[in-house]
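Residue strings, one per chain:
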Protein chains: 2
Amino acid sequence: MTDPYVAYREALSLRGLRVTPQRLMILHVIDEGNGHLTAEQIGDRIRAKFPAIHQGTIYRTLELLREAGLVSETHLGDRSAVYELMGNHPHHHLVCDRCGSITEVGDTLLDPLRAALLTEFGFRARTEHFAIFGLCAQCAQQRNSASGIE
Amino acid sequence: MTDPYVAYREALSLRGLRVTPQRLMILHVIDEGNGHLTAEQIGDRIRAKFPAIHQGTIYRTLELLREAGLVSETHLGDRSAVYELMGNHPHHHLVCDRCGSITEVGDTLLDPLRAALLTEFGFRARTEHFAIFGLCAQCAQQRNSASGIE
DNA sequence: TTTTATGCAAAAGCTTTGCACGCCC
DNA sequence: GGGCGTGCAAAGCTTTTGCATAAAA
């Protein structure tokens, strides 16, 4: 098992970005979070071990990594954005309005939509990480039974 | 041409909500905006005519209308949400990452996705107003020609 | 050595909240 | 008249920004 930080070092250097411990840690935590962590959560996780790291640095670094194409940013509704390493397997999130549960789904699901947008509107959808809101199976069932098939 | 406010009065009363001039104006402006206005923009438009109406009232009223099911809330990336009257013809927004342009598209485009989510995951997607990010036709073309088919 | 990133703190935006007055029912 | 909504202002929260120091190249 090689040091995963080696890959992060290389990714930063290749883009002419400086390699700092803060950036390496942030990349590591983003990867661990698998696209589920907000900027604040990323900061909290890092500060649990290294309290000196300031939240301002997190925000600046996330913007940098996003512009460099290393990290994607997805807005999960009323909550803040969540971050994810690009190049990880593409997936999407079904967010339940009621219970807040998040379900991961594969990327092929969006193929028909992408194709339609491109042919009909020439629009190249950036769908490496999509958030879809609604009711999960459990909550939909509960709502039906609670009100006697409303 | 009947007074559109009559419909708003009725909609509020039917749900046991009080009818106030502020709420009527907010509903009217939301309808005019056709799902493109943020809370602040709604406030600005109203204050252009009636400066006394406070932004706090806008926020409180939008939350009320959303909970009452009269208005839908869509998060268009960066930050603020945009608001739209429910029951208006469903449509969605293609938001260009580069130029910020917003293209309206019909609702049937999402039918295959909705069906797949329901059969595969039992997830009832709430897709009355969807935001899809990417590159519009113009910007995609510009990018290709600029870098010689990158 | 030069350039750039970080820590720190203050500021900036957006949204929420408490209170007293006024309007809707 | 009773209760709810609004105006007002202050507080809260997330994110951004300026500056001096520290670290990377």
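Focus on the packing of helix α3 (residues 39-49) of chain A against helix α4 (residues 55-67) of chain A
Residues and elements named next belong to chain A.
Right, so step 1: Orientation of α3 relative to α4, taken along the N-to-C sense of each, is 125°, at an axis distance of 9 Å. The orientation of α3 with respect to α4, classified from their angle, is oblique. The interaxial crossing formed by α3 with α4 has right-handed handedness. Counting all contacts with α3, which are made through Ala-39, Glu-40, Ile-42, Gly-43, Ile-46 and Arg-47, the residues of α4 involved are Gln-55, Ile-58, Tyr-59 and Leu-62.
Right, so step 2: Its residues assigned to classes, the contact of α3 with α4 comprises six nonpolar, two polar and two charged.

A short note on the protein's contact with DNA strand D
Right, so step 1: Around DNA strand D sit 17 residues, and of these Tyr-59 of chain A together with Arg-18, Thr-20, Gln-22 and Thr-57 of chain B come closest.
Right, so step 2: The sugar-phosphate backbone supplies 65% of the atoms of DNA strand D found within 4 Å of the protein.
Right, so step 3: The side chain of Arg-23 of chain B places a nitrogen or oxygen atom 3.1 Å from a phosphate oxygen of DNA strand D.
Right, so step 4: With respect to DNA strand D, the backbone of Ala-52 of chain B contributes an N or O atom lying 3.4 Å from a phosphate oxygen.
Right, so step 5: When residues of the surface near DNA strand D are traced back to their parent elements, those giving at least two are α4 of chain A together with α2 (21-33) and α4 (55-67) of chain B.
Right, so step 6: With three residues, the top contributor of residues to the surface near DNA strand D is α4 of chain B.

Some remarks on the pattern of salt bridges
Right, so step 1: Per the counting criterion, the structure on display carries 10 salt bridges over all chains.
Right, so step 2: Note that Asp-111 of chain A and Arg-114 of chain A form a salt bridge whose closest N and O atoms lie 2.8 Å from each other. Separated by three residues within a single helix, Asp-111 of chain A and Arg-114 of chain A lie in helix α5 (residues 111-121), roughly one turn from each other.
Right, so step 3: Judged by relative accessible area, which is 38%, Asp-111 of chain A ranks as partly exposed.
Right, so step 4: Judged by relative accessible area, which is 22%, Arg-114 of chain A ranks as partly exposed.
Right, so step 5: A salt bridge links Arg-45 of chain B to Glu-32 of chain B; the shortest N-O distance between them is 4.0 Å. Remark: Glu-32 of chain B occurs in helix α2 and Arg-45 of chain B occurs in helix α3 (residues 39-49); sequence separation between them is 13 residues.
Right, so step 6: Because the salt bridges share partners, they merge into one network encompassing Asp-107, Asp-111 and Arg-114 of chain A.

A few points about the sheet that holds strand β3 (residues 81-85) of chain B
Through backbone hydrogen bonds, the strands of a sheet pair up, either in parallel or in antiparallel fashion.
Residues and elements named next belong to chain B.
Right, so step 1: In space, the three strands of this open sheet follow the order β1-β3-β2, with antiparallel pairing throughout. Each edge of the open sheet carries a strand with a single partner, namely β1 (37-38) and β2 (71-75).
Right, so step 2: Note: β1 against β3, two bridges, orientation antiparallel. Bridged to Leu-37 within β3 is Tyr-83.
Right, so step 3: Contacting β1, β2 and β3, α2 runs over the sheet at an angle of about 100° to β3.

Structural notes on the relation of the copies chain A and chain B
Right, so step 1: Taken as rigid bodies, chain A and chain B are interconverted by a rotation of 180° and an axial shift of 0.1 Å, the fit giving an RMSD of 0.1 Å. With respect to symmetry, the two chain copies, as superposed, fit the operation of a two-fold axis.
Right, so step 2: Mapped onto chain B, 100% of the interface residues of chain A again fall at the interface, so both copies present the same surface.

A look at the pairing of strand β7 (residues 131-135) of chain B
Right, so step 1: For β7 of chain B, the tally of buried residues reaches five of five residues, placing the bulk of the element in the interior.
Right, so step 2: Of the two faces of β7 of chain B, the one holding Ala-131, Phe-133 and Leu-135 of chain B and the one holding Ile-132 and Gly-134 of chain B are both buried throughout.
Right, so step 3: The pairing of strand β6 (residues 124-125) of chain A with β7 of chain B spans two bridges and is antiparallel. Within the sheet, the bridge partner assigned to Arg-124 of chain A lies in β7 of chain B and is Leu-135 of chain B.

So, how was this worked out
Residues numbered from 1 in each chain as written. Chains lettered and ligands numbered in written order. Predicted model: local features only at pLDDT ≥ 70, side-chain atom pairs only at ≥ 80, totals over all residues. Heavy atoms only, no water. Axes fitted to C-alpha atoms, helices over the stretch in contact; angles between N-to-C directions. Helix = DSSP H or I, 4+ residues; strand = E, 2+ residues; numbered from the N terminus. Parallel < 35°, antiparallel > 145°, perpendicular 65-115°, else oblique. Left-handed = near helix turned anticlockwise from the far one by under 90°. Contact = heavy atoms within 4.5 Å. Nonpolar A, V, L, I, M, F, W, Y, C, P; charged D, E, K, R; others polar. Near = heavy atom within 4 Å. Polar contact = N/O pair within 3.5 Å; in protein donor to acceptor, adjacent residues only side chain to side chain. Salt bridge = Lys/Arg side-chain N within 4 Å of Asp/Glu carboxyl O. Buried < 20%, exposed > 50% of the residue type's maximum accessible area, 1.4 Å probe, protein only. Pairing = 2+ DSSP bridges. Least-squares fit on C-alpha atoms with pLDDT ≥ 70 in both.

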